[in-house]
Structure formats: C-alpha cells, structure tokens
Amino acid sequence: MEKKNIDWANLGFGYIQTDKRYVSDYKDGAWDAGRLTDDATVTISECAGVLQYAQTVFEGLKAYTTEDGHIVCFRPDLNAERIENSAKRLEMPVFPKDRFIEAVDEVVKANAAYVPPYGSGATFYLRPYMFGTNPVIGVKPANEYQFRMFGTPVGPYFKGGAKPLTIKVSDFDRAAPNGTGHIKAGLNYAMSLHAIVTAHNEGFDENMYLDPATRTKVEETGGANFLFVTKDGKVVTPKSSSILPSITRRSLVVVAKEYLGLEAEEREITLEEVKDFAECGLCGTAAVISPVGKIVDHGKEICLPSGMQEMGPVTKKLYDTLTGIQMGRIEDKFGWVRKIV
Ligand code: PLP
Ligand code: COI
C-alpha cells in the first residue's frame, strides 16, 4: 500500500480529511449495522439535541506503525468503556464495545495510506463520537443518535514538540464536584475555550484547573492529566472524581511500577506541594507525555528543577517505555496493543 504524500515530520495536531469514516445510526431503540462512508459531512435537523443542548460525547485514540511494519492501536477497549460511561451520564444509548473496536479496525484499514510511517514522529489519531440527531426543544434526551469515527494523521499536540510547557493556574473551574468532569463530553471542552484562549493570550501553553470546591487541589488541564515525579523518584498523579480517567495516565502508572520498578501513587495533590516536585508532565493520547517546566500561580512562578530545556529523566523513561510499547520496540507485557494490519 502506497502512503499519501504528506510531510509527516511537520504535521501539527490538526484535521486532514481522510478517505473513509465509520457511521452508525440509532433509531427506534437500536443501532443499525453501521458502514464506512466517503461522506465527511453530517446533515441533521436544525433542532437536533446536539445543537440545542450539547448532547455529545467523544473519544480519542491513536494507531501507530510499529518497527516491524504493522499498524496497531493502544487499549481501544478502554476507550470503548469510557465512551459507554460518558454516554450513560448524558442519557445516550451505549455503542457496543465489540462494535467500537471493529469500527477502529475498519477505519484504520480503510485509511492505511494516511497512517504515518514508523519513525516519522507522527501518528494516526482516531476520533470516535456520538450525538443526538433528532429535534429536541424541551430539555430532554434525544431518541435518535449517530455514532461516527474518523481518523487523521497528527503530529505533536503542543507546538515545539518536547519542549517544556508553561502552565497557568486558572481562575476558571473546569468541572464541578458531582458534575461531568470524569466523562468525555463536548460540553467540558466548550466551557474550557474561554479559559484556554485567555491563557494563550497571556503566553501560557495550558491551564492547570484546581478543584472548584476548595481551589487547593490539582485537577488536570483542558486536555490532559498531570503526572509529577517527587525528588526521590516516585511517580504521583492526582486522584479526583472530577478529572477524566486518562488511559495514558493509567497506563503510565503501570509502566512506572511494572516496567521501571518505580513507586507510583494516585492521590490528592495540593497546589501547595507542587513546588516540591522534581518533574511534571501532561499525559494523554494527544499530549503523550509533554513535559512542564513552569507553573505560574497569579504571578508566583513554580519552576520545576528539571528545567525548560528538556524532559526530566523519569518523564523521559516513562515516555520512552510507553511509546516503545506502542511502536513495538518494547514487549507488550499486558496485552495492551491491538494489531490491526
Ligand atoms: N484529560 C482530558 C480533559 C482529556 O481531554 C484527555 C484526552 O483524552 C485526557 C485527560 C487524557 O486521556 P487519555 O490518556 O485517555 O487520552
Ligand atoms: C485526546 O488526547 O485524545 C484528547 O481528546 C485531548 C484533546 C484535547 C485533543
């Protein structure tokens, strides 16, 4: 199969239309058989539930070309489970897990020419999502839905690749206690847009959101979980019921313990103790692990000792091990990698 003529090494995190995407419609209480389509547009009622009341949830996962030339994806079962939880929280029907994984396979196979080659630095990002399609004017769930999944080749999420980021402690809150912070709903991202534009305008790369109830504990950023390393080399990540349960973060905790022999702990982390950490990174499918060099709390700078030049040593080991597993260079001890091609 001949690859598309794309400048893989210089891709940013953007959308490139690929050949095929997967669509399935839900009506009268059931999903149809689903199909691949060439049509990259969606036509729905002007009064569709998604347009009026933001009834939409999504996922993000990647396909990788391995060192030996296969195309694989990483833990798609967890994305299927998470979109199930997201759907239930927004009163949407569940798209079955086995069908979700089949759709991943189909979209990747049909667009294999767009899956970046091994070693190019780029990956193939898959975006599964579903939304209410029928007219809804009173506030209630739709009863017709569409599930779609497209893919697009992407480069690094943050401009500058692996250069450490500067993060702003945000004055805005991301997710209320008992709200929707733990699910991947479009509404969580809509409300973050003003905060991220504000942060960017002030020269920051991302926001650190705090727990809204006390504003003393570290939650996450707009699109990734935090990971910290203590001065004695222990990996710690925030525990909170209002952050997205990142598949990358959950995998890194296992990588830290089972591959690298490090201690790793998920626990509440206060803003106050951030100054004592040795390293900080943002982890997620899009972010992979992006190092953080500086966190700014209303003019007060917290400079991580790992610095603004490169990833800290533990972060780098975690990054190399995780991407090594994903790209077939390191043994997949836990059956996380799914071979597609
Ligand atoms: N947190 C938020 C708010 C996100 O949007 C994402 C991206 O999916 C993550 C964390 C990281 O999750 P994952 O590692 O499953 O991609
Ligand atoms: C992902 O990492 O898959 C996400 O959905 C994050 C998003 C901000 C691009």
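Computed from a predicted model, the values in this text were never measured in an experiment.

What counts as what
- Residues numbered from 1 in each chain as written.
- Chains lettered and ligands numbered in written order.
- Predicted model: local features only at pLDDT ≥ 70, side-chain atom pairs only at ≥ 80, totals over all residues.
- Heavy atoms only, no water.
- Salt bridge = Lys/Arg side-chain N within 4 Å of Asp/Glu carboxyl O.
- Helix = DSSP H or I, 4+ residues; strand = E, 2+ residues; numbered from the N terminus.
- Buried < 20%, exposed > 50% of the residue type's maximum accessible area, 1.4 Å probe, protein only.
- Near = heavy atom within 4 Å.
- Polar contact = N/O pair within 3.5 Å; in protein donor to acceptor, adjacent residues only side chain to side chain.
- Areas by Shrake-Rupley, 256 points an atom, 1.4 Å probe, with all protein chains shown as cover.
- Nonpolar A, V, L, I, M, F, W, Y, C, P; charged D, E, K, R; others polar.

Comments concerning the pattern of salt bridges
- Applying the stated criterion across every chain yields a total of 21 salt bridges.
- Ionic pairing is found between Lys217 and Glu268, a salt bridge with its closest N-O pair at 3.5 Å. Here Lys217 is found in the loop between strand S10 (206–208) and strand S11 (225–229), whereas its partner Glu268 is found in the loop between strand S13 (264–267) and strand S14 (279–284), with 51 residues between them in sequence.
- Judged by its relative accessible area of 23%, Lys217 is partly exposed.
- With a relative accessible area of 48%, Glu268 lands in the partly exposed category.
- With its nearest N and O atoms 3.4 Å apart, the salt bridge here joins Glu301 to Lys294.
- Ionic contacts of the salt-bridge type, sharing partners, join the residues Lys234, Glu263, Glu265, Arg267 and Glu273 into one network.

Overview of the site of ligand 2
- Around ligand 2, a shell composed of Phe13, Phe58, Gly60, Tyr125, Arg127, Tyr157, Lys184, Gly223, Thr285 and Ala286 is seen.
- Note that an oxygen atom of ligand 2 is positioned 2.7 Å from one of the side-chain N or O atoms of Lys184.
- For ligand 2, an oxygen atom lies 2.8 Å from a polar atom in the backbone of Ala286.
- In isolation ligand 2 offers 280 Å² of accessible surface; the protein chains occlude 89% of this area.
- In the shell around ligand 2, the residues fall into five nonpolar, three polar and two charged.

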